[in-house]
Amino acid sequence: MEHDHIKRRTLLSAAVGALAVGAVSTVTAPTAGAAATDLLTDYSKHTADSRSITVTSTTGQQLRITAYGDQIVRVHAARSGETFFADTRYEMVVPGNHTAMGGSLSLTVTADTIEMRTAAADGLRVVLHKKPLRLEFYSRATGALLAKEDATRGISWSGTNATVATQAFAPPPAGERFLKAGHGVLGRSPRLDRTGDSVSHNYADADAAAHNPVDQAPAIVPFYLSNRGYGVFFNTTFDTTFNFGGSNGYGFSADGHNAGGARPQVDYFLINGPQFGRLLDRYTQLTGRPRLPQQSIFGLHMSDKSFADVSDQDWWRQKIGQHRAAGFPFDHQVNDNRWRAGSGAWSGSWFEFSPDRWPDPAGYQKWAAANGVTVTLDYNRNNTNEMAGWKAGPPPGYSLAAADLKNVKDSNAVPDWSNPATRAWVWRVFWDKALNPSLGFPCDGLWIDETDDLGGIPYTAVMADGRTWAEGRNAYFLNLHKGVGGEGWDPAGSGHIGSAKRPWTWSRGATAGQQRYGHYWTGDISQTYEEMQNQIRGMQTAGLGGFPFANIDGGGFDGGTVSDAFYRNWPVAWSSFSPVWRPHTGASVAQLGRKASRWPLDQGAQAQADFARYGQLRYSLMPYIYTLAHQAAATGMPMARAMVIDYQDRPQAYTHDLQYLWGPSLLVAPLTSDGGGVQQIWLPAGATWYNFWADIKHAGSDAGDFAYTTRTGETPLFVKAGAILPRYPYAQSTAYLSKRQLELEVYAGADGAFELVEDDGVTEAYRTGAQNTSVTRLTYTDAPTRVVVAHPQGTYQGAPDRRRYLVRFHGLSKPVGMRVNGGATLPAFTSEAAAVLSGNGAGSVWDAQAKILTVVTAEIPVGGNGGTAATVEPSGAAFPAVGGGTVYQAESARFDSTFILDTLHPGYTGTGYADFNGTSAGATIAWTVGVAVAGKRQLLIRYANGGDTDRPVTIDVNGTKGSTLALPPTGSWDTWATASCTETLPQGANVTVRATLTKATGANFDSLTVQ
């Protein structure tokens, strides 16, 4: 993967001198090779069409204002003698949007001004003053001033050879706050509120310090948001600096570094909101919607980096198998170097399966598909020259000129992604060596590493597209992802994946617009709590810039082993509430021991318990999480929402940037210390908030923070009253999740609704309409304690035809009789499993300690396109007496090593079943049960037997042999049946009921019920 020893520093540069917006207030005499500041002068004339007006100044400068739909205007200025850059020069904006978004401007011209209005009544009004040419932007809905240019400066050009283009606004009013999208190097953000700051997020510096990759993984998003209800996107790939008030004024600039070639132009889009959510929607409409990954990407990722001396295809099978056997989830395998041909190390290996370490990739893919595993393969830039067909040098080669690369490490392996031939070449390698379906190889994702360590290239270097490095370097990531995603993966036909599978491609670093093709991660970050805080903020600022699927090394990469508390707090607890759960480290197990690993089985007992708890929670919440992902892809709404998105007008939202909303209903405040102290958490006023872990209610308050006493390994988590959290039964892979049972966590105290989005989880079919996606509306009305589950709108391949619903009401004071669809009062049972396993498969359960009332419905046919599937509400009767037996799950039993916990076959109750994995008779599974009164009891063993012969067991109680149960075939491993016998049980809290296999083959065991 990455270099072993890399320095770290945060790139947050304050602009100085002529680079600072507003730093030049008077015109000074030019020095040799420099030009005086060129200010936009007075109006001379204009031309207009239905969308656009172009104004010429008295000195020949040009200013163009164009409507992009009803809520966006573009401002573009060119120096005298220059022409406007073509609309498609910078592909951060979707190229087709320049015409497809349409829009109109109505003009009112007076002697002093030109007033422009977009068509919508809630759109924008722009006033252009003529002497001198200065702009003001207003909301049409409220008449409020959004921003206006500084009367003395406005748009200007300065610096050596006029290679700095500046937009200067008037000082912001008191109370205006600014959020800068994207982040600096390594995903680090010192705070969300950047009011008063100067911020530069650009590619690595071209100086001596950058000749090794210290400036990794910036998210270059020249977009910011104001709490006054507008955002600005600066449409340039030259280096940018944004000044948000303070000594440097308010505005932004682009710097061409006097590199020759084209010089920067002032070209930006002002976007109307006023809500931040609408700004993000409109920004991602302009620059492209975030690319939705496969559902498996929202499961657990693990890598082999810590095992670089031993990992191969057999190691992966064994490691995943051990992990799953212990009950942990696993979805996505991240290969770091060792799969590759050659050395299998960071250097000297290339993108091709090693014949030694991976002799049978096609066989491995069959295993992976059968076991719900998807796979990422990595590519390191430094090995590019080892790959098939590489050509050095500029066109017809695939690189830059050798003279421009002398200060770049591994200078013989520097692809120029601006070159279409380079992009086509790398895609051919990916296709020929892994992605071609005819190979049958494991590859669902591409990790494109170290594309951000080229700081030694001089600004004057010329790229294949004719642009200088000064102009093109910030587009480096975008060009790469355009080649791999847009030109390589997406097209239909020979040599491409097309719509059959969604891409998961991620590079170390990002450019605005890249989100429509691929993804990114934040690089080789440190293993400290300070870094954790930076990453929490960086995740939020990435989401504010169109990258809602933040991908972070869980626990940090750079360092040795970490403490037990740190492991439990970051790789486990917080990472499980981030968009991509990927614990990762560069620490070597061979050098430092097992605890260097991020895999839970290599950690201590409490860390394993925490990992299992968070794993079960994340996977069972997958319908909620995956719906958030769909919303992000459709509207740009981040999965991890900065508090400001929902609470834009509250000051606390700008100061509490180490907590965030996980969708509309959950508030997450990661623990960034070892625990045992008090953490101040803002629970916004106007709502009741439940402590997720304790189901205790707290009234929200803006007057002060909530003092939360922390515990190691517990991320403070709160649920908003009125929330509906959809869940599935836990499974160890997203591929195993059963949609035949939908569980709804409902939090009383307010009305609420949620629209659950489901699809096939793999293909691009969800893009093509309702017949490939289903949306199920869930509503809760608090006063009558009523939940209504609608039939889904739309369907998709693999959608269930029947569904059972479990509705859990939190926060009730006492139980009441409940009914479904107007039927009779449901019977009451000791547990949800007992209700499911009862004759009617329906009932209600009251947890007196947690104050949770559960309603279990029978399976209900799923209708199409409207109507109500289930109405769950009080019947008017009292809560009935509790009946039925007591269910003991297989996962709570004791069993020997010939059994493993499994979730492959749906229909189990609890969190899994015991799967016989041995080859001889005598294996046992034993439950400890409580018996209040001695006597005969009926015992029911729930099992599945997909074989064609009986798989009998003998039953004993406290060692006394009893009945033999035949356990005949059930027809398939997905079909469950119950076998029963009657045994005498003594009184006691620790009675052992044991089942012993009498053959070398065994059934799968779900539960024991004692009647």
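If you're wondering where the values come from, they're calculated on a predicted model, not measured in any experiment.

1. Re the overall build of the protein chain
Link 1 in the chain: Each helix and strand counted, the protein chain has 15 helices and 61 strands in total.
Link 2 in the chain: The C-alpha radius of gyration computed for the protein chain amounts to 31 Å, which stays within 12% of the reference 30 Å derived for 1011 residues, consistent with globular compactness.
Link 3 in the chain: With respect to the principal axes defined by its C-alpha atoms, the protein chain has extents near 105 × 65 × 55 Å.
Link 4 in the chain: For the protein chain, buried positions account for 61% of its 1011 residues.
Link 5 in the chain: Taking the intrachain contacts of the protein chain between residues at least 6 apart in sequence as the baseline, contacts between residues at least 24 apart amount to 71%.
Link 6 in the chain: Roughly 32900 Å² of accessible area belongs to the protein chain as shown, and the carbon and sulfur atoms make up 50% of that amount.
Link 7 in the chain: Taking the 84 positively charged and 89 negatively charged side chains of the protein chain as two groups, their mean positions are separated by 3 Å.

2. Focus on empty space enclosed by the protein
Link 1 in the chain: Applying the stated criterion to the full structure yields 6 cavities of 30 Å³ or more.
Link 2 in the chain: The calculated volume of the second largest cavity comes to roughly 50 Å³.
Link 3 in the chain: Every residue lining the second largest cavity is listed: Met-302, Ser-303, Lys-305, Ser-306, Phe-307, Pro-583, His-584, Thr-585, Ser-597, Arg-598 and Trp-599.
Link 4 in the chain: Here the lining of the second largest cavity is built from residues that sort into 4 nonpolar, 5 polar and 2 charged.

3. Things to note about the packing of aromatic side chains
Link 1 in the chain: Scanning all chains against the criterion turns up 72 aromatic pairs.
Link 2 in the chain: Where Phe-899 meets Phe-916, the ring centres are 5.6 Å apart and the plane angle is 65°; that geometry is what we call edge-to-face. Residue Phe-899 is located in strand β53 (residues 899-902), and its partner Phe-916 is located in strand β54 (residues 913-916); the two are separated by 17 residues in the primary sequence. Of the two residues, Phe-899 and Phe-916, neither departs from the other in class, the shared state being buried.
Link 3 in the chain: Taken together, the aromatic side chains of Phe-169, Phe-178, Tyr-224, Phe-234, Phe-242, Phe-244, Tyr-250, Phe-252 and Tyr-268 make up a single cluster linked through ring pairs.
Link 4 in the chain: The ring of Phe-85 has Arg-89 lying over it, and the distance from NZ or CZ to the ring centre is 4.4 Å.
Link 5 in the chain: Directly above the aromatic system of Tyr-43 lies the positively charged group of Lys-130, at a separation of 4.4 Å from the ring centroid.

4. Observations regarding helix α4 (residues 361-370)
Link 1 in the chain: Restricting attention to buried positions, one finds in α4 the residues Pro-361, Tyr-364, Gln-365 and Ala-368. Taken end-on, α4 shows its buried residues confined to a sector of 100°, consistent with a single buried face.
Link 2 in the chain: Directly after α4, the chain includes Gly-372, whose backbone phi takes a positive value near 65°.

5. Side note on the sheet that holds strand β35 (residues 696-699)
Within a sheet, each strand pairs with its neighbour through backbone hydrogen bonds, oriented either parallel or antiparallel.
Link 1 in the chain: A sheet is described by the order of its strands in space; here 6 strands give the open sequence β30-β31-β32-β37-β34-β35, paired in antiparallel fashion. With partners counted over all chains shown, the strands left at the sheet margins are β30 (640-642) and β35, one partner each. If you compare each strand with its neighbour and ignore which way they point, the axes differ by 35° on average.
Link 2 in the chain: In this structure, strand β34 (residues 688-691) lies alongside β35, joined through 4 bridges in antiparallel fashion. When the sheet's bridge partners are listed, Asn-691 is paired in β35 with Ile-696.

6. A short note on the packing of helix α9 (residues 564-574) against helix α11 (residues 605-620)
When two helices pack together, their arrangement is given by the angle between their axes and by how far apart the axes lie.
Link 1 in the chain: Their axes nearest at 10 Å, the elements α9 and α11 cross at an angle of 15°. As summarised for this structure, α9 and α11 are arranged roughly parallel, according to the angle between their axes. Of the two elements, α9 crosses α11, and the hand of that crossing is right-handed. Between α9 and α11, the contacting residues are Asp-564, Tyr-567, Arg-568, Val-572 and Ala-573 on the first element and Gln-606, Ala-607, Asp-610, Phe-611 and Tyr-614 on the second.
Link 2 in the chain: Partitioning the contact of α9 with α11 into residue classes produces 6 nonpolar, 1 polar and 3 charged.

7. Re the environment of Tyr-567
Link 1 in the chain: If you trace the backbone, Tyr-567 turns up in helix α9.
Link 2 in the chain: Judged by relative accessible area, Tyr-567 falls into the buried class, the value being 0%.
Link 3 in the chain: Linking Tyr-567 and Asp-610, residues 43 residues apart in sequence, is a C-alpha distance of 9.9 Å.
Link 4 in the chain: Not counting chain neighbours up to four residues away, the residues in contact with Tyr-567 comprise Val-562, Val-572, Ser-597, Arg-598, Trp-599, Pro-600, Gln-603, Ala-607 and Phe-611.

8. Topic: the confidence of the model for the protein chain
Link 1 in the chain: With 95% of its residues at a pLDDT of 70 or more, the protein chain shows a mean pLDDT of 94.
Link 2 in the chain: For residues 208-212, every residue scores under 50 in pLDDT, and the model assigns this stretch 8 contacts once sequence neighbours within four places are set aside.

9. Digging into the side chain of Asp-610
Link 1 in the chain: Relative to the elements of secondary structure, Asp-610 occurs in helix α11.
Link 2 in the chain: Accessibility expressed as a relative area gives 4% for Asp-610, which makes it buried.

10. A few points about α11
Link 1 in the chain: Given a rise of 1.5 Å per residue, 16 residues ought to cover 22 Å, and the 22 Å separating the end C-alpha atoms of α11 matches this to within 8%.
Link 2 in the chain: Listed as buried for α11 are Ala-607, Asp-610, Phe-611, Tyr-614, Gly-615, Leu-617, Arg-618, Tyr-619 and Ser-620.

11. Here's the deal with the sheet that holds strand β44 (residues 818-820)
Link 1 in the chain: Reading across the sheet, the 5 strands line up as β40-β41-β42-β49-β44 and stay open at both edges, with antiparallel pairing between neighbours. Bordering the open sheet on either side are β40 (752-758) and β44, each of which pairs with just one other strand. This sheet shows a mean twist of 10° between the axes of neighbouring strands, independent of strand direction.
Link 2 in the chain: Inspection of the sheet shows β40 paired to strand β41 (residues 774-781) by 7 bridges, in the antiparallel sense. By the bridge assignment, Leu-756 is partnered in β41 with Thr-776.

12. Points about unusual backbone geometry
Link 1 in the chain: The linkage connecting Gly-273 with the following residue, Pro-274, adopts the cis geometry, with an omega of 5°.
Link 2 in the chain: Tracing the backbone through its elements, the reader meets Pro-274 in the loop between β20 (266-272) and α2 (276-287).
Link 3 in the chain: In the segment running from Pro-395 into Pro-396, the intervening peptide bond is cis, with an omega of 15°.
Link 4 in the chain: Mapping Pro-396 onto the fold places it in the loop between β25 (374-380) and α5 (420-435).
Link 5 in the chain: A positive phi angle is found at Leu-186, which is not glycine, with a value near 60°.
Link 6 in the chain: With respect to the helices, strands and loops of the structure, Leu-186 is situated in the loop between β13 (178-180) and β14 (198-199).
Link 7 in the chain: On the accessibility criterion, Leu-186 (0% relative accessible area) is buried.
Link 8 in the chain: With a phi close to 50°, Leu-967 is a non-glycine residue in the positive phi region.
Link 9 in the chain: Tracing the backbone through its elements, the reader meets Leu-967 in the loop between β58 (960-965) and β59 (977-985).

Calculation criteria
- Residues numbered from 1 in each chain as written.
- Predicted model: local features only at pLDDT ≥ 70, side-chain atom pairs only at ≥ 80, totals over all residues.
- Heavy atoms only, no water.
- Helix = DSSP H or I, 4+ residues; strand = E, 2+ residues; numbered from the N terminus.
- Rg over C-alpha atoms; globule rule 2.2 N^0.38 Å.
- Buried < 20%, exposed > 50% of the residue type's maximum accessible area, 1.4 Å probe, protein only.
- Contact = heavy atoms within 4.5 Å.
- Areas by Shrake-Rupley, 256 points an atom, 1.4 Å probe, with all protein chains shown as cover.
- Lys, Arg positive; Asp, Glu negative; His and termini not counted.
- Charge placed at Lys NZ, Arg CZ, Asp CG, Glu CD.
- 1 Å grid on protein atoms, 1.4 Å probe; cavity = no way out; pocket = protein on both sides within 12 Å on 5 of 7 lines; lining within 4 Å.
- Points joined across faces, edges and corners; volume = space filled by probe spheres on them.
- Nonpolar A, V, L, I, M, F, W, Y, C, P; charged D, E, K, R; others polar.
- Phe/Tyr/Trp six-rings, centres within 6.5 Å; stacked < 30°, edge-to-face > 60°.
- Lys NZ or Arg CZ within 6 Å of the ring centre and 35° of its normal.
- Arc of directions from axis to C-beta.
- Pairing = 2+ DSSP bridges.
- Axes fitted to C-alpha atoms, helices over the stretch in contact; angles between N-to-C directions.
- Parallel < 35°, antiparallel > 145°, perpendicular 65-115°, else oblique.
- Left-handed = near helix turned anticlockwise from the far one by under 90°.
- pLDDT = per-residue confidence, 0-100.
- Expected span 1.5 Å × (residues − 1).

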